[in-house]
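# Analysis of the macromolecular model
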Amino acid sequence: MTTAPSTTTDEAPQPAAPAPSKGSWASLRPLILRLHFYAGVLVAPFLLVAAVTGLLYAGSFQAEKLVYDHELSVPVGEKKLPISEQVAAARKAHPEGTVSAVRPSPEADATTRVMLSGVPGVDEGHALAVFVDPYTAEVRGALEQYGSTGALPLRTWIDEFHRDLHLGEQGRLYSELAASWLWVIAAGGLALWFSRRRALRKVRGTKGRRRTLGLHGTVGVWAAIGFFFLSATGLTWSAYAGATIDELRTSLGQATPSVSAAAGGEHAGHGSAAGQAGDAAHGVGLDKILSAARAEGLGNPVEIVPPADANSAYVVKQVQRSWPSKQDAVAIDPADGEVTDVVRFADYPVLAKLTRWGIDLHTGVLFGLANQIALMLLAASLILLIVWGYRMWWQRGRGTSFGRPIPRGAWQQVPPQILVPLLAGIAVLGYFLPLFGIPLAAFLAVDILLGEIAHRRGRRSYGTPVS
């Protein structure tokens, strides 16, 4: 549940009703209702942007295949050329920059990608991907590429729009705010929905606000697990919460391992094997490097990263994010083609594996098209819930204006033995999730200030039962 549920007849203030017994759910429900309402109203615009852009991103994988079909696919030939010849063809067509990575054709009808860094006109952090026919060495085009999944311009634009609204690092705060609050709103909605009498949950045979509330609650219940997942995985690579999660994983010995790119042996940095940093023909050459990686069991798709300097090794790593994940990596000495280090995905710590799978599931690559369809359904559900939430608020005002907010004072009904641990837990969460804690603290400060102003003007009486 995501936005602005408001009270129905059974949720409206009942001044004549006896105060709920301490420690009962009835004392906590008004507080959750108020939090759910205000969090929904205030955070819903951020969630709506995240949902719409996420919906577009989930569909961008299939769109990319259609838009860039000429660059991505080739007619199947008889025999693929050595990878060194393919790279040479790419460099002849595009001598600018340096080779930063090579992805040999992973399938019979797929092109080879040669990635160039330092190319004029290409954004920092991006690469120019040159697409080469593996059978004829024909260069079929060149496109700007971003990220480990090899996003091309269409998907890159949508990805950056979803992540930071094309506003850079500061823009990432919007998506972290949405991820920090999505699970809170969903959890509050679940609690409110299951606390309602069963007869009030039905949709069939209802109309008006009751029907809107029924649709909002029913769809929210079915989508809640997905929202929890999107929130948790979105936070793993956010700016502030993500850094905290990385520190926690590191302290627990659960960081993602990486292969050592230091070239070993007495030949490191000597003679012609040292070559020029960033040169794909460094040392023994790409063909022997790829053969050595294949001998270590690294099957397609793989990426070859040339040595960064004269004392570094080639790194060959699997880049398959779909199930089953292939993330093994090896380092290979450019002087003699010997493997100097190996990292197997099977040996990753548990949290490192879960993080990898969570991110890949969140971005729609783990289970391919089925994964992307599921994400699109979740995004569509979130959009509907937001629309229904605002509609309920409008209907509460009888269709002429937005209804009155949920009254203040709900916290006064919560027994201390529940309120104190609850506040402590929120404080801890706010510390680890700053874009949950800071907005909540700001809202409470403003709410308390407005409440005091209203009280001094005689417009509010403390302790009035609310819902």
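The rules behind the values
- Residues numbered from 1 in each chain as written.
- Predicted model: local features only at pLDDT ≥ 70, side-chain atom pairs only at ≥ 80, totals over all residues.
- Heavy atoms only, no water.
- Helix = DSSP H or I, 4+ residues; strand = E, 2+ residues; numbered from the N terminus.
- Buried < 20%, exposed > 50% of the residue type's maximum accessible area, 1.4 Å probe, protein only.
- Contact = heavy atoms within 4.5 Å.
- Salt bridge = Lys/Arg side-chain N within 4 Å of Asp/Glu carboxyl O.
- Pairing = 2+ DSSP bridges.

## Thoughts on unusual backbone geometry
With an omega dihedral of -5°, the bond running from N300 to P301 counts as a cis peptide bond. With respect to the helices and strands, the residue P301 is situated in the loop between α9 (286-295) and β5 (302-305). Here W323 and P324 are connected by a cis peptide whose omega angle stands at -5°. At A137, a residue that is not glycine, the phi angle is positive and equals roughly 65°. As for its placement among the helices and strands, A137 is situated in the loop between β3 (127-132) and β4 (139-145). Positive phi, normally seen in glycine, also occurs at L165, with a value near 60°. Among the structural elements, L165 can be located in the loop between α4 (153-164) and α5 (172-195). Of the residues examined, L165 reaches a relative accessible area of 25% and is grouped as partly exposed.

## Focus: the side chain of T236
Mapping T236 onto the fold places it in the loop between α6 (208-235) and α7 (241-251). Since its relative accessible area comes to 19%, T236 is described here as buried. Apart from residues no more than four positions distant in its own chain, T236 is found in contact with G242, I245, D246 and I359.

## A few points about the pattern of salt bridges
The tally for this structure, following the rule as stated, stands at 11 salt bridges. In this structure, the salt-bridge partner of E169 is R172, at a minimum N-O distance of 3.2 Å. Residue class for R172 comes out buried when judged on its relative accessible area of 17%. Between D328 and R344 there is a salt bridge, with its nearest N and O atoms 3.2 Å apart. In this pair, D328 is assigned in the loop between β6 (314-318) and β7 (329-332) and R344 in the loop between β8 (339-343) and α10 (350-362), connecting sequence segments 16 residues apart. On the basis of relative accessibility, which here comes to 24%, the residue R344 falls in the partly exposed class.

## What about the environment of E338?
You can see E338 is positioned in the loop between β7 and β8. In the structure, E338 is positioned 25 residues away from A313 in sequence and 9.8 Å away in space, judged by C-alpha atoms. Those residues in contact with E338, other than ones at most four positions away along the chain, are A331, I332 and D333.

## Thoughts on the pairing of β7
Regular strands place side chains that alternate from one sheet face to the opposite one. Of the two faces of β7, the one carrying A329 and A331 and the one carrying V330 and I332 are both buried. Relative to β7, β6 is paired through four bridges, and the arrangement is antiparallel. If you follow V316 over to β7, its bridge partner there is V330. Across four bridges, β7 lies against β8 in antiparallel orientation. Looking at β8, one finds that I332 is bridged to V339. Remark: six residues form the turn of the hairpin made by β7 and β8, two consecutive strands paired antiparallel; G337 in that turn has positive phi of roughly 75°.

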